[in-house]
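# Geometric and topological summary
For reference, the chains in residue letters:
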Amino acid sequence: MTRGPFMQLSKEFHQYRKLEQLVENKTSYQLEQAELHIFETHEIAEKISLKFDTPVLATMMQGKKIMQLNEGKSFNFLPSESLLLLPETPMLIDFPEASFQNPTRYLAMTISEEKIKEILQLINERFKSREENEWLMSRINFHFKHDFALQQVLQHILLIFTEDHPTKDLFLDFALKELLIRILQHEKKAQYEKGEQAICSNNRVAFIMQYIQQHLDEPLDIKTLSQKVYMSESHFHRVFKNEVGISPIEYLIDKRISKAKDLLQQEDIPIKEVYLACGFNNISYFNRQFKRKNQCSPKTFRQQFFSS
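These lines cover the structure that appears in this document, whether it is placed above or below.

## Some points on the overall build of the protein
Looking only at helices and strands, the protein has 12 helices and 10 strands in total. Expected size for 308 residues packed as a compact globule is a radius of gyration near 19 Å; at 21 Å, the protein falls within 12% of this value. Overall, the protein is about 60 × 50 × 40 Å in size when its C-alpha atoms are taken along their principal axes. Going through the 308 residues of the protein one by one, you find that 47% of them count as buried. Contacts in the protein between residues far apart in sequence, at least 24 positions, make up 68% of those at least 6 positions apart.

Here it is as C-alpha cells:
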C-alpha cells in the first residue's frame, strides 16, 4: 500500500551532517524557542531503547519503525505520522526496513515551556470555545496521522532548522504557533471521535461528529447538520472548523472515504455498492474525491491492496 510522502531535507543538511554511527545517528539544531534532532538508521536493528526527559514531538520522515511505548502493544510508525510523547516515556524500537541506501529517518523536536505557554494563552484568548474548557497540551502519548496542512507546516519547520538563514528564529516563531494549533485540533478531533457519552452530551461539535459517523450513507449537508445542533449554518461552520481544523463538509468527506477504503478491502463488494454505502450519489464524484484523498482511484487502491 502507498505510504505518506517523505519529508524533504535541505541541501545544507546533507552537506554538513556527519554520519558517525549506522543506528540512530543524530544531527541536532538549536534555536531560541526549540531544538530539533534528526535521527537516521542505516541498517536493520531491533529492540533499540530510547527515552526523552522532556515532552517531544516525534515525526516520521522516511521508512518504517515498529514502536512499543510503556511495554504496551507494538504499532507501526510511518511517514506522515507523529507522536506527542510525555517525558520519560520508555520506548523499544525496531527498524525492519533500514538500509544504507534507504535509511529510516525521523525528527524529534522539543519546544521551550515558555513558548508553549505563550502560544496556549494566545489560542485561549482568540479561539476558546464557549462550550469547552481551556485548550491544553496532551497529558497522554498521542499518535496521529497528518493531514495536508499539518504535513506542510512540519516540512516548513524542518527547512527552517536545517537551512542557513539569518531570520530563522522569526520564521520559527510563526510556524510554531500554527503547529501547536493544528496539533491541538487533531487531538480534540480524536477525543470527540471516541464518542464518550459525557463529551458528546455536552459538546455540540462532538455530538455532530458522532452523528456523521453513524449516518454516512444518508444525504447530509451543512443545513441538515447545523439544524441538528440548533446553530446557524455560518456559526456552525466557524465553530466546527475552529475546534477540528477542517470544515464540516471536509470532515464528512474524510469519513466517507475512510469507510470506502474499508469496504474496498472486501473483494466481493462491487465499487458501485461501495460508493452508495458511503453516501456518494454518483461514481464520478466518488472517484474524484477518493483520488484527491489517496492519489489513486478506488479501482487502483483495491488492486494495490490485494497485490500487496
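## Concerning the side chain of K115
Within the fold, K115 resides in helix 2 (residues 113-127). Here Q33 takes part through its side chain, which lies 3.1 Å from a polar atom of the side chain of K115. Excluding its chain neighbours within four sequence positions, the residues that come into contact with K115 are Q33, D173, L176 and K177.

## Re the sheet that holds strand 7 (residues 81-85)
Strand order in the open sheet formed by 6 strands is 1-2-9-4-7-10, and the pairing between neighbours is antiparallel. Every other strand in the sheet has two partners, leaving strand 1 (25-30) and strand 10 (142-145) as the edge strands with one partner each. Strand-to-strand, the axes of this sheet are offset by a mean angle of 20°, without reference to chain direction. Contacts from helix 3 (residues 148-162) reach strand 1, strand 2 (34-41), strand 4 (56-62), strand 7, strand 9 (104-111) and strand 10 within the one sheet, and its direction differs from that of strand 2 by about 95°. Seen against the sheet, helix 4 (residues 168-193) touches strand 2, strand 4, strand 7, strand 9 and strand 10 and runs at an angle of roughly 100° to strand 10.

## Topic: the packing of helix 3 against helix 4
Interaxial distance between helix 3 and helix 4 falls to 10 Å at its minimum, and their mutual angle equals 150°. With respect to each other, helix 3 and helix 4 are oriented roughly antiparallel. Crossing of helix 3 over helix 4 shows left-handed handedness. Contacts between helix 3 and helix 4 pair A149, L150, V153, L154, H156, I157, I160 and F161 from the former with K168, F171, L172, A175, L176, E178, L179, R182, I183 and H186 from the latter.

## Points about the sheet that holds strand 5 (residues 65-69)
One open sheet accounts for 4 strands, arranged 3-8-5-6; its pairing is antiparallel. Every interior strand has two partners, whereas the edge strands, strand 3 (45-50) and strand 6 (75-77), have only one. Within the sheet, the average angular offset between the axes of one strand and its neighbour, ignoring direction, is 30°. As judged from the 3 bridges shared by strand 5 and strand 6, these two strands associate in the antiparallel manner. In the sheet register, M67 faces strand 6, and the bridge partner there is F75.

## A look at the nonpolar core
One finds M109, I157, F161, L176 and L179 to be the most contacted residues of the largest nonpolar core, which totals 35 residues. Counting only elements with at least two residues in this core, the list comes to strand 2, strand 4, strand 9, helix 2, strand 10, helix 3 and helix 4. Not counting the four nearest positions on each side in its chain, L179 is found in contact with L57, M109, L150, V153, L154 and I157.

## Re the pattern of salt bridges
This model, assessed by the stated rule, comprises 11 salt bridges. A salt bridge links E118 to K115; its shortest N-O distance comes to 3.0 Å. Pair noted here: E118 and K115 are both in helix 2, with a separation of 3 residues, about one helical turn. The partner of E193 in a salt bridge is K255, and the shortest N-O contact between them spans 3.1 Å. Here the residue E193 occupies a position in helix 4, and K255 occupies one in helix 9 (residues 248-264), the gap between them amounting to 62 residues. Ionic contacts of the salt-bridge type, sharing partners, join the residues K115, E118, D173 and K177 into one network.

## A closer look at the side chain of K65
Among the structural elements, K65 can be located in strand 5. Buried and without a salt bridge, K65 has E24 as its closest oppositely charged side chain, separated by 5.7 Å.

## Quick notes on the pairing of strand 8 (residues 91-95)
By the criterion of burial, strand 8 is predominantly enclosed, with 4 of the 5 residues buried. The pairing of strand 3 with strand 8 spans 4 bridges and is classified as antiparallel. The residue bridging I48 from the neighbouring strand is I93, located in strand 8. Here strand 5 runs beside strand 8; their pairing, made up of 4 bridges, is antiparallel. Bridging across to strand 8, I66 finds its partner in D94.

Rules and cut-offs
- Residues numbered from 1 in each chain as written.
- Predicted model: local features only at pLDDT ≥ 70, side-chain atom pairs only at ≥ 80, totals over all residues.
- Heavy atoms only, no water.
- Helix = DSSP H or I, 4+ residues; strand = E, 2+ residues; numbered from the N terminus.
- Rg over C-alpha atoms; globule rule 2.2 N^0.38 Å.
- Buried < 20%, exposed > 50% of the residue type's maximum accessible area, 1.4 Å probe, protein only.
- Contact = heavy atoms within 4.5 Å.
- Polar contact = N/O pair within 3.5 Å; in protein donor to acceptor, adjacent residues only side chain to side chain.
- Pairing = 2+ DSSP bridges.
- Axes fitted to C-alpha atoms, helices over the stretch in contact; angles between N-to-C directions.
- Parallel < 35°, antiparallel > 145°, perpendicular 65-115°, else oblique.
- Left-handed = near helix turned anticlockwise from the far one by under 90°.
- Core = buried A, V, L, I, M, F, W, Y, C linked by side-chain atoms within 4.5 Å.
- Salt bridge = Lys/Arg side-chain N within 4 Å of Asp/Glu carboxyl O.
- Lys, Arg positive; Asp, Glu negative; His and termini not counted.

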